[in-house]
Amino acid sequence: MFNDLYKDSQDIKSYVTPLNLSQSAMVKMAKSVTFSTSSSASNLSSHPSFTSLASFNSLPASPLNQHFSQSMMEEALESAESIIKKWDPNSQSYRKIISLFRHSRKQAKEFIGCVRDLRRAMHFLVSQDSKSDKLVLAQNLMQIGMSMLEKEFFQILSSNRDHLDPDSASGQSTISSNSEFEVYMEYDEDDDDDDDELKKAGESISQVEKASALVMSDLKVIAETMISCGYGKECIKSYKLIRKSIVDEGLHLLGIEKVKNSQFHKMDWGVLEVMIKNWIKAANIGVTTLFKGEKLLCDHVFSASLTIGQSCFNQIAKEAGLNLFMLPELVAHKEKKQHHHERIFKLMDLYAAISDLWPDIEMIFSFDSLASVKTRVLSTLKKLKDSIHTCLKEFETTIHKDSSKELSPEGGVYKLTRTTMSFISSLSEYSRVLSEILTEHPLKTNTRLLESYFTAPILEDEHVNNHACSVHLAWLILVFLCKLDTKAESYNDVSLSYIFLVNNLQFVVDTVRSSQLKNLLGDDWVTKHEVKLKSYAEKYEKAAWTNVLVSLPGKKSTKLSPEEATTCFKRFHSAFAGAYLKQSSCVIADAKLRDELKVSIARKLVPEYRVFYEKYLPMLRQDRNIEMLVCFKPDNLENYLSGLFHGTPMLSGSSHSAASASLSSPSCFSIRCVKH
């Protein structure tokens, strides 16, 4: 026992008055050795750390001894014998009270003051007369006092779990070592009633906070007293036993359990997604409340000794801390059997959650003895970064390798377009995480192409650096647009290829405009691709409707003969019927784009036809087959054009199949048009 307590004492400062090494050693001997009337001197002198008791008599008087006279020593012994023996189970005056501190705070304060005075008296006796019977008496009283305080310490810890929960401890983080809550425990201060003690807490503090503060102060004053008297080991043992169980129970209630590697790697990713979601919530509470509150409580109770506080918290929190961060470590190292889109977002959720908690983790687990917890966290963050970057590379590779031929026959939005842009827009919500990761993994391929294609916008917030994320997402969209160009070549009809490009580029632009991507890519990107979209639309019009336009003679042509006019009407009807039949099966998903394109076609086609119609129709009125020759009025033409891009021909009075059959024959088509 002596060796253990002597080791503890090297890290302990006196609560009352600083002592030099020799005096501290003497006090340690005086209270650590089991005294008997016949062997007290031999027990002390036999310890190898000291030469002889006689040498203590030659020590110069310390400031402590100068202020502690013989009469004060005797008075302290007399008072201690009277007060401490009341709490000795073997004494006739023993008071059968469960808790001294709960029974009477005034008597508890008196007891603490008595023990501290007894400690000073023992210092005085060791320095003045180490063979005194009074030293034996003092040692016996000290052992009774320490036994009582150890019991009180355990009872306070175990019976005040509600007042020592992490939230309460966190709420008391501003209490200083000279707090008003502790004044009532100073044995050399004037006595105050319990009501006066609580008034000093301040009216702004709730009753729960008051109770928590008082309990924390009780523990602190007992711990400081026991440590200063060389009984720190007994105090620490009780503290670690109870508080570790509370931390472990707290993690259990949060759903944090140990998972075996063999079990983990058999889990389906869907199960892991739920576990990750629950872990993120639990980790936030675990770090910011459970561990943080526990450290504040530990620092407060053992503020007299940094070393003891560190040792306590290490044994309470180390295993629990490692257990808390086991799941993300396993997830980060999990073998990839799923596609990127099933993994990357939960990986980024984990990375963001741990990164946000890192300042608290670094503060809470700051001791060297807890370095393994921080090492696990940093290792997990590094592995998560690598896994996320790998997922991004796999996503790009998936775009390159896509070989699907299942294109929409009407040129609509491609399934790959929806899934790809959904994925990329979701990535944009993690711009902070991605920027941290991609800054370490900049793009290395086709940088010249990318630079000519994209310039990252300058953000107004100078503290936010999303450049790496902006560049990478722009690159992924460029890779996908190149894939769309390749897919468009699969259509046999050029006009349908451009419908496909129009639809899909419009979807890409709309997705960018309506998501976080717009902030990352900037207005210039949107403007540039709107220009590209307009170019595709113009190329579609040229490919689909040029033959119809060139079938008309034009405004500057010479006057046609009736035969030439008849031929021109037939040519126009045939060209329009063929174009309409083909284009009416096309779809443009965006209503605004659909209307704009129809208006653009009508502006080019209808005025030209109106001029031709009004100029040559009178010439052919005498022809018996005029209804077969001239089936469209200009207004009829506009009506047909207004029905484009819905996927079906807009011919009233017939089914789609009948309309298609009718349009396949220009003469039959002419008859139908005259009727309607």
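Structural data are supplied above this passage.
Described below are features of the structure shown in this document.

Analysis parameters
Residue positions within a chain follow its written sequence, with the count starting from 1. Note on the predicted model: pLDDT of at least 70 is required for a residue's local features to be given, and 80 or more for side-chain atom pairs to be given and counted; whole-chain, interface and lining totals, by contrast, use all residues. Computation of side-chain values: all heavy atoms of the structure, hydrogens and water removed. To obtain an axis, a line is fitted to C-alpha atoms, over the contacting stretch when the element is a helix, and the angle between two such axes runs from 0 to 180 degrees between their N-to-C directions. A run of DSSP states H or I qualifies as a helix once it reaches four residues; a run of E qualifies as a strand once it reaches two. Both are numbered from the N-terminal end. For this classification, under 35 degrees means roughly parallel, over 145 means roughly antiparallel, 65 to 115 means roughly perpendicular, and everything else is oblique. By definition, residues are in contact when any of their heavy atoms lie within 4.5 Å. Here the term charged refers only to Asp, Glu, Lys and Arg, the term nonpolar to Ala, Val, Leu, Ile, Met, Phe, Trp, Tyr, Cys and Pro, and the term polar to all other amino acids, Gly among them. Expected helix span is taken as 1.5 Å per residue step, with the number of steps being one fewer than the number of residues. Here the term buried applies to any residue with accessible area under 20% of the maximum for its type, exposed to any over 50%, and partly exposed to those in between, with areas from a 1.4 Å probe on protein chains only. Between Lys or Arg on one side and Asp or Glu on the other, a salt bridge is scored when a side-chain nitrogen of the former is within 4 Å of a carboxyl oxygen of the latter. For our purposes a nonpolar core is just a set of buried Ala, Val, Leu, Ile, Met, Phe, Trp, Tyr and Cys residues, chained together by side-chain atoms within 4.5 Å. Only centres within 6.5 Å qualify two rings of Phe, Tyr or Trp (six-membered ring in Trp) as a pair; their planes then separate them into stacked at under 30 degrees, edge-to-face at over 60, and tilted for everything else. Within 3.5 Å is the distance limit for a polar contact, defined as a pair of N or O atoms, with the added protein rule that one can donate a hydrogen and the other accept it, and that residues adjacent in sequence qualify only through two side-chain atoms.

1. Re the packing of helix 19 (residues 371–401) against helix 21 (residues 431–439)
Geometry of a packed helix pair, given as the angle between the helix axes and the separation of the axes.
Then comes step 1: Look at helix 19 against helix 21: their axes get within 10 Å of each other, and the N-to-C directions meet at 90°. With respect to helix 21, the axis of helix 19 lies roughly perpendicular. Side by side, helix 19 and helix 21 meet where Lys 385, Ile 388, His 389 and Leu 392 of the first sit next to Leu 434, Ile 437 and Leu 438 of the second.
Then comes step 2: Here the residues of the contact of helix 19 with helix 21 sort into five nonpolar, one polar and one charged.

2. Comments concerning helix 27 (residues 562–583)
Within an α-helix, residues lying three or four positions from one another point in the same direction, as the helix has 3.6 residues per turn.
Then comes step 1: The terminal C-alpha atoms of helix 27, which comprises 22 residues, lie 31 Å apart, in line with the 32 Å expected from a rise of 1.5 Å per residue.
Then comes step 2: Among all positions in helix 27, only Ala 565, Thr 566, Cys 568, Phe 569, Phe 572, His 573, Ala 575, Phe 576, Ala 577, Ala 579, Tyr 580 and Gln 583 are buried.

3. As for the pattern of salt bridges
Between side chains of opposite charge, pairing is possible as soon as their charged atoms come close.
Then comes step 1: On inspection of all chains with the given rule, the structure shows 23 salt bridges.
Then comes step 2: Here Glu 530 and Arg 513 are joined by a salt bridge, their closest N and O atoms 2.3 Å apart. With Glu 530 in helix 26 (residues 523–550) and Arg 513 in helix 24 (residues 494–513), the pair connects residues that are 17 residues apart, well separated along the chain.
Then comes step 3: On the accessibility criterion, Glu 530 (35% relative accessible area) is partly exposed.
Then comes step 4: Its relative accessible area of 34% is what places Arg 513 among the partly exposed residues.
Then comes step 5: One salt bridge in this structure joins Asp 635 and Arg 610, with 3.6 Å as the shortest N-O distance. With Asp 635 in helix 30 (residues 634–642) and Arg 610 in helix 28 (residues 591–616), the pair connects residues that are 25 residues apart, well separated along the chain.

4. Considering the nonpolar core
Then comes step 1: Judged by nonpolar contacts, the single largest core of 184 residues is most densely connected at Phe 302, Trp 545 and Phe 576.
Then comes step 2: Here this core takes 14 residues from helix 23 (residues 467–488), the largest share from any one element.

5. Considering the packing of aromatic side chains
Then comes step 1: Under the defined criterion, the tally for this structure stands at 21 aromatic pairs.
Then comes step 2: Between the aromatic rings of Tyr 609 and Tyr 613, the centroid separation amounts to 5.8 Å while the plane-to-plane angle is 45°, which identifies the pairing as tilted. Within this pair, Tyr 609 and its partner Tyr 613 are both found in helix 28, separated by four residues, close to a single helical turn.
Then comes step 3: Feature note: the residues Trp 545, Phe 572, Phe 576, Tyr 580, Tyr 609, Tyr 613 and Tyr 640 constitute an aromatic cluster, connected by ring pairs.

6. Section: the packing of helix 16 (residues 306–324) against helix 17 (residues 326–333)
Then comes step 1: Interaxial distance between helix 16 and helix 17 falls to 4 Å at its minimum, and their mutual angle equals 35°. Facing helix 16, whose interface residues are Leu 322, Asn 323 and Leu 324, helix 17 presents Met 326, Leu 327 and Pro 328.
Then comes step 2: Within the contact of helix 16 with helix 17, the residues separate by chemical class into five nonpolar, one polar and no charged.

7. What about the side chain of Gln 583?
Then comes step 1: Position of Gln 583 among the secondary structure elements: in helix 27.
Then comes step 2: Separated by 3.2 Å, the side chains of Gln 583 and Ser 495 make a polar contact.
Then comes step 3: Here the side chain of Gln 583 touches Tyr 540 through a polar contact of 2.7 Å, side chain to side chain.
Then comes step 4: Residues contacting Gln 583, with those up to four places away along its chain left out, are Ser 495, Tyr 540, Ala 544, Trp 545, Leu 644 and Phe 645.

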